[in-house]
Amino acid sequence: MTKIAPVFNQNVQRQDPAVFDYAREVEQVWRDFPETKDKVFFLDICAEQKLIYPEESEQKQKIQQHIDGNRYILSTIEEYNTVEKSSCCAPAFNDAKCLLLYTKKHAMDLITKTATAAQETAFVFDHELGHAIIPDAGYRGNRNMAECIADAYAVIRHFQRFGADSTAVDALVGGRSFLFAFKRNRASHFTSPVVEKILARRYDIAWDSLTPQQTTQLAWRFAMEYAMHPVLLDTVDRDLKKLQGKIGDIKNGDTDALEDLVWKVLSTNISDVFKCGAAALKFCLDGQMANIILQGEYWDNVRQRLAEKQKIFTAQAKLLFSLGAEDRPLQRTIPSNVIKFKP
Amino acid sequence: MADTATTFNQAAQRQDPAVFDYAREVAQVWRDFPTTKKVHFLDICKRKLVYPEESAERETMLQLLNNKKNLLSDVDQMDLVEKSSCYSPYHGAMLLYTQQHKHSFLDQKASQAMETMFVFDHEMGHAVIPNAHYGEGRNKAECIADAYAVIRHLQRYGADSAAIDALVQQRALQFIFRKDRASHLTSPVTEQILARRHEIAWDNLTPAETTKLAWRFAMEYAVHPVLLDVIDKDFKKFQGKMEDIEKGVVSPLQELAEKVLTTDASAVFKYGAAALKLCLDGQKANIILQGEYWDSVRQQLAERQKIFAAQDKLLFGLGAEDRPLQVFKNNVLKFASPGKRQ
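Residues numbered from 1 in each chain as written. Chains lettered and ligands numbered in written order. Predicted model: local features only at pLDDT ≥ 70, side-chain atom pairs only at ≥ 80, totals over all residues. Heavy atoms only, no water.

1. Focus on the overall build of chain A
Looking only at helices and strands, one finds 14 helices and six strands in chain A. Counting the 343 residues in chain A, one finds 56% classified as buried. Taking contacts inside chain A between residues at least 6 apart in sequence as the whole, the part at least 24 apart equals 65%. Entry remark: accessible area of chain A is about 15200 Å², with carbon and sulfur atoms responsible for 49%. (Helix = DSSP H or I, 4+ residues; strand = E, 2+ residues; numbered from the N terminus. Buried < 20%, exposed > 50% of the residue type's maximum accessible area, 1.4 Å probe, protein only. Contact = heavy atoms within 4.5 Å. Areas by Shrake-Rupley, 256 points an atom, 1.4 Å probe, with all protein chains shown as cover.)

Structure follows, in structure tokens:
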């Protein structure tokens, strides 16, 4: 196990942010996880020659034939290439999985918008690979947990590839919160609580020292520890219900839905709704969404009030957030050091 | 709201540990949560309705109670077989077992009144807090109920009360060895409340705030169902051995010791160690773990717990034994070079 670690990381460390070489990545996966070689198939859904199999062999032809004859895979490729403009890990044949990678600019920015296209593709590749190789990350079980594991793996791999200083994944917490608030069927991708914890410890863990197996294990552990409990997820989801499905309007530059979110965020007493909503709002206020420019008196006021509420949120214990906080601010008493409400 | 808080806590603060007055508690609950006036509070050991008010409503309630199908058989089951308590949303009733429960929850030195009080608060949690009904995820419901009972305990007896300290370990032990165990792993939640026992002014919380805070603790720290399932599977072979342990049989504990001292899974170590420590510390009647073998277990467990506490929990077992973590100049935790294997 320890021998694999240097190979794993020597090859990928401080990767050129401008280059994503799909064939090289597949070779690397074969070395790191040899048991997956003929269980996970890699496709470039934007390319003419879709199957990425960096080895000329009879097996390659067999897999190609399987794919060519599999209507489900072909229709999924079509859907993801032309409609979704996105990637996925789909079930293939005989329990195998197919990683359908969209190698152009994805429909939604997942990572910081100043990140290179290659960095984004690498992130998506790692995310889908997480689905394919890590226990509990398949779609058959708890979907949100699967997404948390996949994002955790992709973030850790990002640090291994580009270094813990790379800021390209920093927008992911806000981006996932934004999608959770506004996209339809969004409750399956709320990975922000997990990603946030990994980012908070970016300098605490020696990512480069992890072997491939340790990397998958650590991603699994982060997700298990910090993924939002389904009951809470459902509560937050219901609270943000009326915003659902408005992402198209926002992309077209309509800010009404964002104003609804502002009202929600600035008035809520539920700490998780505030946290998620504030992250989504900040994502837009910081200009991470193309076509959305939030300027003028109203938005300056929003920025200010959001900053004030965030200060209270940070200063208070999250669990005590708004338990009578407005009329009875928390304070430290002497000498017992117990947080008390003012009468 | 502040007025309610004062009333709430004046009545409950620094309660006499030797007394559990069911009628007084029900009267208090009616004041704090008026909707609970519809709940049938039953003392199942006395087959008695506790309704601290002579009124026409009481008579109506008694009639309703006598017409409830299956209620009597449920009471018999809880009183004679389970020797335990429950809140039944189906009957709209709290079935409180007012004698010594079959399985303890608190420190063995706690009075029986404290234990009954704890159980009363736990069942109240099921009755008054959202998502605390079994239909909405059993383990989550138990976490909310336990969180509420722990906070109420700290309000009633003060944050220094040590009687509640054994709960984390008791729940871990029951999770591992009881048959229907996967629904009661509340330890991660109660552990977090106890860790903050001196940081929060429990006495200042109103009844509504107390229920909210219990809910929040449970939502924040309850084990995710996927992880719960993983841990559950890992402890499968211990299932159903609780009765043997209660009788003084130690072989299941030996098996647990082996598991705890060899596992690389942090959750398995954490809850396994908590359960084991409860027995090693003599908290279980009939279980005396003495002699060379158990001294060695104590020592090894202490060593492993030291590693566990010192390390990042998430990194536990990731090659930790041969590559201890150390801090480098840039403050990044690194694995030391694997001397033995090179």
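2. A word on the nonpolar core
Judged by nonpolar contacts, the single largest core of 221 residues is most densely connected at Phe42 and Phe178 of chain A together with Phe41 of chain B. Sort the elements by how many residues they give to this core and helix α13 (residues 266–280) of chain B lands first, with 11 residues. Once residues within four sequence positions are removed from consideration, Phe178 of chain A is found in contact with Met108, Lys183, Ile247, Ile250, Leu258, Ala280, Phe283, Cys284 and Met289 of chain A. (Core = buried A, V, L, I, M, F, W, Y, C linked by side-chain atoms within 4.5 Å.)

3. Thoughts on the sheet that holds strand β1 (residues 40–44) of chain A
Residue and element names in this part refer to chain A. One open sheet holds the four strands; their spatial order is β2-β1-β4-β3, and the pairing between them is mixed. Of all the strands in the sheet, just β2 (51–52) and β3 (88–91) have a single pairing partner and so form its edges. Of the strand pairs in this sheet, β1 and strand β4 (residues 97–101) are connected by five bridges, and their pairing is parallel. Within the sheet, the bridge partner assigned to Asp44 lies in β4 and is Leu101. On top of the sheet, helix α2 (residues 22–32) reaches β1, β2 and β4; it is set at about 175° to β1, its chief contact. (Pairing = 2+ DSSP bridges. Axes fitted to C-alpha atoms, helices over the stretch in contact; angles between N-to-C directions.)

4. Focus: the sheet that holds strand β2 (residues 48–49) of chain B
Think of a sheet as strands paired side by side through backbone hydrogen bonds, with each pair either parallel or antiparallel. All names here are of chain B. Judged by pairing direction, the sheet is mixed, and its four strands sit side by side in the order β2-β1-β4-β3 without closing on themselves. Bordering the open sheet on either side are β2 and β3 (86–88), each of which pairs with just one other strand. In terms of strand pairing, strand β1 (residues 40–43) meets β2 through two bridges, oriented antiparallel. Residue Leu42 lies in a different strand from β2, and its bridge partner there is Leu49. The strands touched by helix α2 (residues 22–32) are β1 and β4 (93–96); relative to β1, the strand with the most contacts, the crossing angle is about 165°.

5. A short note on the packing of aromatic side chains
A full pass over the atoms with the stated rule returns 29 aromatic pairs over all chains. Taken together, a centroid distance of 5.1 Å and an interplanar angle of 75° make the contact between Phe313 of chain A and Phe321 of chain A edge-to-face. For Phe321 of chain A, a relative accessible area of 3% translates into the label buried. Residue placement shows Lys37 of chain B over the ring face of Trp30 of chain B; its charged tip is 4.8 Å from the ring centre. (Phe/Tyr/Trp six-rings, centres within 6.5 Å; stacked < 30°, edge-to-face > 60°. Lys NZ or Arg CZ within 6 Å of the ring centre and 35° of its normal.)

6. Focus: the pairing of β4 of chain A
All names here are of chain A. Buried residues dominate β4, accounting for four of its five residues. Where β3 and β4 come together, four bridges link them in antiparallel fashion. What sits directly across from Cys89, in β4, is Leu99. In this antiparallel pair of consecutive strands, β3 and β4, the connection spans five residues, and Asn94 shows a positive phi of 50°.

7. Observations regarding the state of the cysteines
All names here are of chain B. Within the structure shown, the criterion is met by zero disulfides over all chains. Unpaired in this structure, Cys45 has its nearest cysteine sulfur neighbour in Cys86, at a distance of 13 Å. Here Cys86 falls in the buried class, since its relative accessible area comes to 16%. (Disulfide = S-S within 2.5 Å.)

8. Observations regarding empty space enclosed by the protein
Think of a ball as big as a water molecule: rolled over the atoms, this probe shows where empty space is left. Enumeration over the complete set of coordinates arrives at six cavities of 30 Å³ or more. Size it by volume and the largest cavity reaches roughly 70 Å³. Considering the residues around the largest cavity, the lining is formed by 12 residues, among which Val29, Asp32, Tyr148, Arg152 and Arg156 of chain B are closest to the centre. Contributions of two or more residues to the lining of the largest cavity are made by α2, α5 (112–128) and α6 (138–157) of chain B. No other element matches α2 of chain B, which puts four residues into the lining of the largest cavity. When grouped by side-chain class, the residues that make up the lining of the largest cavity number six nonpolar, one polar and five charged. A volume near 50 Å³ is recorded for the second largest cavity. Of all elements in the fold, only α2, α5 (117–133) and α6 (143–162) of chain A reach the threshold of two or more residues within the lining of the second largest cavity. (1 Å grid on protein atoms, 1.4 Å probe; cavity = no way out; pocket = protein on both sides within 12 Å on 5 of 7 lines; lining within 4 Å. Points joined across faces, edges and corners; volume = space filled by probe spheres on them. Nonpolar A, V, L, I, M, F, W, Y, C, P; charged D, E, K, R; others polar.)

9. Describing the confidence of the model for chain B
Residue and element names in this part refer to chain B. Chain-level statistics for chain B give a pLDDT mean of 86 and a share of 88% at 70 or above. Counted against residues more than four places away or in other chains, residues 320–342, with its pLDDT under 50, gives 42 contacts. Interface predicted TM-score (ipTM) for the complex: 0.84; the corresponding pTM is 0.86. (pLDDT = per-residue confidence, 0-100.)

10. Some words on the pattern of salt bridges
Across all of its chains, the model carries 36 salt bridges over all chains by this definition. Between Glu25 of chain B and Arg24 of chain B there is a salt bridge whose closest N-O contact spans 3.3 Å. Residue classification places Glu25 of chain B among the buried positions, given a relative accessible area of 3%. Across the pair Lys102 of chain B and Glu243 of chain B runs a salt bridge whose closest N-O atoms are separated by 3.8 Å. Residue Lys102 of chain B is located in the loop between β4 and α5, and its partner Glu243 of chain B is located in helix α11 (residues 242–246); the two are separated by 141 residues in the primary sequence. Through salt bridges with shared partners, a single network forms among Arg24, Glu25, Asp126 and Arg161 of chain A. (Salt bridge = Lys/Arg side-chain N within 4 Å of Asp/Glu carboxyl O.)

11. Points about the packing of α6 of chain A against helix α9 (residues 212–226) of chain A
Residue and element names in this part refer to chain A. Contact geometry for α6 and α9: axes closest at 8 Å, N-to-C directions at 130°. Overall, the two elements α6 and α9 adopt an arrangement that is oblique. Crossing geometry of α6 relative to α9 is assigned as right-handed. The residues of α9 that touch α6, namely those facing Met145, Cys148, Ile149, Ala152, Tyr153, Ile156, Arg157 and Gln160, are Thr215, Thr216, Leu218, Ala219, Trp220, Phe222, Ala223 and Met224. For the contact of α6 with α9, the per-class residue count stands at 12 nonpolar, three polar and one charged. (Parallel < 35°, antiparallel > 145°, perpendicular 65-115°, else oblique. Left-handed = near helix turned anticlockwise from the far one by under 90°.)

12. A look at a negative patch on the surface
A grouping of Asp249, Asp254, Asp256 and Glu259 of chain A is seen on the molecular surface, where their side chains present a negatively charged patch. With respect to the element layout, Asp249 of chain A can be found in helix α11 (residues 247–251). (Patch = residues over 30% accessible without salt bridge, like charges linked within 9 Å, V, L, I, M, F, W, Y side chains within 5 Å. Lys, Arg positive; Asp, Glu negative; His and termini not counted. Charge placed at Lys NZ, Arg CZ, Asp CG, Glu CD.)

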